[in-house]
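# Coordinate inspection notes
Chain by chain, the residues:
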Amino acid sequence: MFIVMSSTGFMRRLRRSRWLVALAVALYAASSRAQGDTPLPKLEEMALPTPARLLTEPPRDWLVLEENEVVIVEPVFPRPQFMEARQQEIASKELDRVGLVGAALETWREERDDLDYLYVIVPDGDANPEYRISLDRVLEIIYHEDLVLQQVDALVAAGDLNTALELLLRVEQPFPEWPGLDTRHNAILMLDLRQRMEAAEYESALVVADELFRIQPDYPELIDNMGLAIERLVTSAVESGDLKQAHYFLFRLDSAYPEHPVYERFAAQFANSAQGQVAAANAARAAGRHDEAATLIEEAVRIWPRLDGLQSAHSLLTTRYQRLHVGVVGMSSDLDAYPPPTRAELREQALTEISLFETDRLDGNTIFYRTRFFDEWIPLDLGRRVQFQLRQVRQPWEFQPILDSRTVAQEIIDRITPGHAKYDERLASYIEGVSVESPIQFTVRFRRVPARLEPLLRWAVHAPEATTGIGDGSTDPASEAGETTELVELAPPNPLVDPLPGRGGFVVAEATGEITRFVRDFPEPDGLRQYHVAEVVEHRYPDYERLVQGLLEGEVSLVPYLPDWIYRRLAESDAFNTAFFHEQYALPTTHLLMFNPQSKTVRLRELRRALAYALDRQKILSQTVLRDENMVHGRIISGPFFTRSYANSVVVEPWPYDMSSALALSFASARQLNDEIPVLKMLTPPGLIEQAAAAEMIKTWQLIGINVEIVEPTATDATEWDILYQTVQLTEPIVDLWPFVSQQPTAELADLDHFPDWLKREFISLDRMSDWNLAVGQTQSLHRQLTSEAVFIPLWEVDEFTIYRKNLDGVPSEPVNCYDRIDRWTMDAFLPAWQPE
Amino acid sequence: MRGPRQLSRLQQIVPRGTASRAALICLGVLYVMSVRADDPAAPTTPAAATGDAAADSPTNEPGQDAATAEGAPVTTEQPAPAAPTIQQPQVPAELRPYRVLVSVGFASDPAFDARFRQMTLQRLQEQVAGQLGAMWNADYEISPHLGAAGEEVLEEKSVLLSGIYGESGYDKVFWLTVSSRGGRYSVSGIEWDGTIKQPGPVLSQETRDSRRIDETLMATMLDLFRPVAIVNEVAPRKIVLTTRAGEFLPPVELGTQFRVGDYLAMSIRYLDRKRVLQRIQEVPWTYLRVDSIDRARMEMTAVSAFRQPIPEPGRRIEIAGLLLKVVHDETVLTLNARGTPPEPLIASPVDVMDRYPTMEDAVEDRIRLVSDRLGSVAIPAFPDSPMRYLMIHSGDQVLAKVPIIPGVTERLQLEVPNDAPRLAVEGELFLLQGQLIDLVARGAVLMARATSSAKAGRWEEVDGFTTELDQLPILEDVLEEIDGYEAQGSFEAQALNDNVQQARIRRMCQDLSDLATRHLAPERRTKFDEEIRDLRAASGAATTMN
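Quick caveat, the model's predicted, so the values are computed rather than measured.

## Notes on the sheet that holds strand β19 (residues 634-636) of chain A
All names here are of chain A.
- Taking strand neighbours across the sheet as the criterion, the six strands line up as β19-β23-β18-β22-β20-β21 in an open arrangement whose pairing is mixed. In the strand order of this sheet, the two ends are held by β19 and β21 (708-711), each with one partner. Within this sheet the neighbouring strands show an average axis-to-axis angle of 25°, counted without direction.
- Here strand β20 (residues 680-683) pairs with strand β22 (residues 723-728) via two bridges, running parallel. Its bridge partner being in β22, M682 is matched across the sheet by I723.

Right, dumping it as structure tokens:
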């Protein structure tokens, strides 16, 4: 070696005399040459380190000296631009010299001299591997990273993607800004893209292409590869009928490379097909088949949403026939064994059943009612008679039928006639008789004045199936004589005045298990300036996340229910709030556990109380139901009524979480059951939250020795259960409490047989009270007694929200149910946001 | 509707030919003759009774005939029978025949012309005379009150009977109507009894043959006829009655007025010093069962909800019994709790039995019914063995025990004590009992856990459990609550003047107090405290307990 070798200590001593050092170096160099040391290798002779060496051995830099000689040293710092950094250091040092004298000047000189040298460690050297080299002699530093990148180039050329990528990461992680790194990165992406294309993995190739596009859109061959990948993907999507997917790929291509030939070719094909649908839709509209026209135009949108002129045609037809798409997770036909009405069944009921009196709103703790059928109802004789005046006309958008006195009176008579299928024991105990004064007026005579009339009449009356539309609905002698046809021809019914055949509301037109389609029983006539929702299509989604995706992508416009944590996540998003409204329902949903009166095991009061004491409601509500420690949309409750309800007794506290009591009562129960509590069966609705909460409760009960298993709600045998997890909304507890505790649709005396006489008498007293305040007091008393008896275990109540797109109008604030007053709703035409304006 | 009752055993009873009895019969016959002679309204002959005037009328058009016939009595043109026989000689009841008015109305039907009506009435008269002989002293008329009345109209008009015939002196009045529909002839009727001044049930029969209408009328009358008996003697174990007209045996084989096993309903007639009727009082929920019959003399046993339901008859008290007939399929019994106004007793269990339960016989074969929302319960009739016994329950108490013959009347009402205060206390005590179980069980678990922790030397846990124990209600708290319920219940029962209920409330409260005292005795806590103290001392820990 001809370079100056020196230990660090020796060098320090020599720094005192620069001249002496220079002389030593010259002498040493001359002696080294004279001794014939091994010459350093030339740069041209150096072989690029192999990938294995680069990956496994310590990094080494190459110093290229005069005459292209190369010294392999340990990495020099700073890097990658050492020489530039040293020059800046020297320049800075020179500035410090001004004003220095004496020892300070001497020190400065020593430090300045040091900057002219590069101190390196030669790994293969002897015991003292540290050397210094004058910077004047260094022509170039080839860093380890540069060597790696050179190797990456070689590997890319050889098609070794994985090794190249691994080497690239070795540089990228410590030095993300290393010169030349981007170029290699892009090269590797292109290599990856090519290889995926060759493997026919077009979708993943498209992902790689997208990444490369974001970095360098004009990268050679990228446009061709992306076009090819999308062409294959679109072809595949079209073959599988997934046009939405095909559109997605095409729009991506169009967004990346406008007027790409692949896009143009497919767009022309789709546009041609969609144009046919538009023509058919217009023809259907001209023929008055508005539902078909709406279906065809929706199909055109599905085929090619970018069709020129589609938006105006779509707007025209979907405004005339408004079809509301609703996203749900469960359908009304899903369950067999779950006795109470499910969310889906309640939705269907809200669409298909129009009660004489409907819940209008909650004001304070009072429920207010509305009716679509009566102009007025006047209490006479201190309420012992009520005279009803029926409405004679309806607006074109209203979906209820026109009823006559005879129809309503007959319905009442059916309900108070023992033995009739509709017999309602409680109603019969109130109503003594009905008299019809005219086609639009009738009077109900009461044996006892009810505390409140409206909740007793919350049931639907269906107009007779075949009426001749002559006004009073009475049987016309001519029709009896077989002249019905002539009569109809002479006097066709006026849809706004005369009774129409049908039930009103919406009727189920199609139910496939995946969708349920409801259509208006009385369509709106032609010639109106404003039309309303004519059809509701409920679409089933496998879970709530997919449902939200469908909502955001425009598949559905209304979601009647979402778990709270998903709702909160959406509600915090500005983009979501820009596109959607969300309304809180007027009443929260109450969760509770009911006990089967037929089950001998849970007739044991101690066992019921043990189950109640063992539940940590706070924890389950916050962690499982809401997933919110603050429990903003949920509360622990003490009864089956919502928190604001008048029926809540102030002396009743929610069941405390008390494992000591639970354990004690569990032991007491076991003693009465021959020291073994049988495994209890719990029926739980299929909802995600209810299932999870039930699982948590079962875990807790196991701790006190009570084993409970969940019965599948789809089981065919509905009788085998001990505990029922139920979600309810008791809007009018004075009337609803009895059917609720007996788990029957109406209040029947026989259904209270399993209760002790004193409790039975309390229910009867409530039913017989005419004074509202007394009835409220009695309901509160029952709340206390039923809770103490642990007839049910109240859990919590949850605020729920309905979410709908802003093109939907008329949804009331704080709706009573998800289809509250749906006959007033209107929809503007909607195309997803990515469509051209 | 039940068929005609056959008086088949009438002739099988051999008259016991005593001289006195023969003399009585003679006296009775003479009496009847004298009454008829004195009574200007009494028909002299059947022909006179039916009257030929209408039939012989020149204007014998069918419609006119009907109107004429309906408007005028056919017996005579005399006014209605004279006032009761206050001044008449006192003839024994068994020798006094029934004074009967048979009033028949025909529908406005061409088939029922005047001739037909007269013929029918005449045949009916013959049937009565032939079958009942001297037992009935009957008048007949084409009804001025009835048109084409059916069952419902008769029900409605039955309230008029006492007003029309209350002072007429008739013992029995029969309103009968004849109508036709769809080729059938329907006969409906109602009987009014002059002894108790009350109508009986409305019954109907049908025939397809117009020639058998008179027979149907006769059969209907026999079904409607409720024989009367008068109480002579009330002994502790037997009651002796005399059958009205019991010594007049019908000439044909039809049967007697009463049979062994029959039941009678009782009414008390209060008279003034001049033996003028002042008022009539029914004896509720009381029936006399015929044990033996000796011509007109009957011995009976009382079946009643009361201990001494029938007083001794006296000069100013007459006690009459009428035969009860099961004519309906069921009787709807409405239960009311006493109060102002009475409240229907809803959802109360009602046991229907053929005997009262005893210590030896719990009557397992009872029928359990429950009253509906109107407080009503439909009790089915048992024609073969009509007497039934009811037990009305409220909670675990029996509110009432009454005998009943279901099927005699369509509806009955029973007023029972208002049990609401006791039931309310029962409910509160039931809830308190549940809390007591919680309390005892929780206390036991806390003591066990504290003891276990003490043995393990975990004294912080012991202190925690002890604090929890200190916070539990103690015996005095529970007893105070029970006293509160007792005071409230007793006060309400006192307001109802119901001492029995008060006693029951006291007993219930006492039972629960005893239970609480047994399970929440302070000795348990004392013993626990001592055990903990000993354990603490043994472990050398500082004592923190008092």
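## Quick look at the interface of chain A and chain B
- Taken residue by residue, the interface counts 24 residues in chain A and 22 residues in chain B.
- Elements that contribute at least two residues to the side of chain A that touches chain B include exactly α17 (425-430), α23 (605-613), α25 (659-672), α28 (757-768) and α29 (772-789) of chain A.
- At seven residues, α28 of chain A tops the list of elements feeding residues into the side of chain A that touches chain B.

## What to know about the packing of α29 of chain A against helix α8 (residues 420-455) of chain B
- Remark: α29 of chain A packs on α8 of chain B, axes separated minimally by 9 Å, with the N-to-C direction vectors making an angle of 40°. Relative to α8 of chain B, the element α29 of chain A lies oblique. When you trace α29 of chain A past α8 of chain B, the crossing you get is left-handed. In this structure, α29 of chain A uses Q785, S788 and E789 of chain A to contact α8 of chain B, whose residues at the interface are G427, L431 and G434 of chain B.
- Its residues assigned to classes, the contact of α29 of chain A with α8 of chain B comprises one nonpolar, four polar and one charged.

## Things to note about helix α11 (residues 243-256) of chain A
Residue and element names in this part refer to chain A.
- An ideal rise of 1.5 Å per residue puts 20 Å on 14 residues; α11 measures up with 20 Å between its terminal C-alpha atoms.
- Considered for burial, the residues of α11 that qualify are L243, A246, H247, F249, L250 and L253. For α11, the angular spread of the buried residues around the axis is 165°, confining them to a single face.
- Against the buried residues of α11 lie α10 (222-239), α12 (261-286) and α13 (290-303).

## Points about the packing of α8 of chain B against helix α11 (residues 499-519) of chain B
Residues and elements named next belong to chain B.
- At their nearest, the axes of α8 and α11 sit 10 Å apart, and the two run at 5° to each other. Comparing the axis directions of α8 and α11 gives the class roughly parallel. Where α8 abuts α11, its residues P421, R422, V425, E426, L429, L432, Q433, L436 and V440 lie against Q501, R504, I505, M508, C509, L512, A516 and H519.
- Its residues assigned to classes, the contact of α8 with α11 comprises 11 nonpolar, three polar and three charged.

## Concerning the sheet that holds strand β17 (residues 388-394) of chain B
All names here are of chain B.
- Taken together, four strands build an open sheet; the order of strands is β15-β14-β17-β18 and the sheet is antiparallel. The two strands at the open ends of the sheet, each matched to only one other strand, are β15 (367-370) and β18 (397-404). Averaged over neighbouring strand pairs, the angle between their axes works out to 25° when direction is ignored.
- Bridging between strand β14 (residues 349-353) and β15 involves four bridges; their strand directions are antiparallel. Bridge pairing in β15 places D351 opposite R368.

## Some thoughts on the confidence of the model for chain A
Residue and element names in this part refer to chain A.
- Mean pLDDT over chain A works out to 87, with 89% of the residues at or above the 70 mark.
- Averaged over each element, pLDDT in chain A is lowest for helix α18 (residues 477-480) (36) and highest for strand β16 (residues 558-559) (97).
- Under a pLDDT of 50 for its full length, residues 1-36 has, in the predicted model, 25 contacts with residues more than four places off or in other chains.
- Below a pLDDT of 50 lies the segment residues 466-490, which in the model reaches 31 contacts outside its immediate sequence neighbourhood of four places, other chains included.

## Looking at the nonpolar core
- Within the largest apolar cluster, 151 residues are counted, with the highest numbers of intra-cluster contacts made by L593, A610, L611, A614 and I793 of chain A together with L264 and L288 of chain B.
- Take this core: its biggest share by element is 13 residues, from α8 of chain B.
- In this structure L593 of chain A touches I723, L724, Y725, F792, I793 and L795 of chain A, once residues within four positions along its chain are discounted.
- With 90 residues, the next largest nonpolar core counts I230, L253, A281 and F580 of chain A among its residues.

## Here's the deal with helix α24 (residues 617-625) of chain A
Residue and element names in this part refer to chain A.
- Within α24, burial applies to R617, I620, L621 and V625. On an axial view of α24, the arc spanned by its buried residues comes to 100°, and they lie on one face.
- If you follow the buried residues of α24, they end up packed against β19, α26 (688-703) and β23 (792-798).
- Note on α24: the residue one or two positions beyond its end, R627, has a positive phi of about 55°.

## A look at unusual backbone geometry
Residues and elements named next belong to chain A.
- A cis geometry characterises the amide bond from F77 onward to P78, with omega recorded as -5°.
- Inspection of the secondary structure assignment puts P78 in the loop between β2 (70-73) and α4 (82-96).
- Between R79 and P80 the backbone carries a cis peptide bond, its omega angle lying at 15°.
- By secondary structure assignment, the location of P80 is in the loop between β2 and α4.
- Positive phi, close to 50°, is recorded for M631, a residue that is not glycine.
- The topology assignment puts M631 in the loop between α24 and β19.
- By the C-beta count within 10 Å, which is 16 here, M631 ends up partly exposed.

## Quick notes on the pairing of β2 of chain A
All names here are of chain A.
- Sheet analysis places strand β1 (residues 61-65) next to β2, joined by four bridges and oriented antiparallel. Residue pairing across strands places D61 opposite V73, the latter belonging to β2.
- Linking β1 to β2, which pair antiparallel, is a turn of four residues; within it E67 sits at a positive phi near 65°.

The rules behind each value
- Residues numbered from 1 in each chain as written.
- Chains lettered and ligands numbered in written order.
- Predicted model: local features only at pLDDT ≥ 70, side-chain atom pairs only at ≥ 80, totals over all residues.
- Pairing = 2+ DSSP bridges.
- Helix = DSSP H or I, 4+ residues; strand = E, 2+ residues; numbered from the N terminus.
- Axes fitted to C-alpha atoms, helices over the stretch in contact; angles between N-to-C directions.
- Contact = placed C-beta atoms within 7 Å.
- Parallel < 35°, antiparallel > 145°, perpendicular 65-115°, else oblique.
- Left-handed = near helix turned anticlockwise from the far one by under 90°.
- Nonpolar A, V, L, I, M, F, W, Y, C, P; charged D, E, K, R; others polar.
- Expected span 1.5 Å × (residues − 1).
- Buried ≥ 20, exposed ≤ 12 C-beta atoms within 10 Å, placed from the backbone.
- Arc of directions from axis to C-beta.
- pLDDT = per-residue confidence, 0-100.
- Core = buried A, V, L, I, M, F, W, Y, C linked by C-beta atoms within 7 Å.

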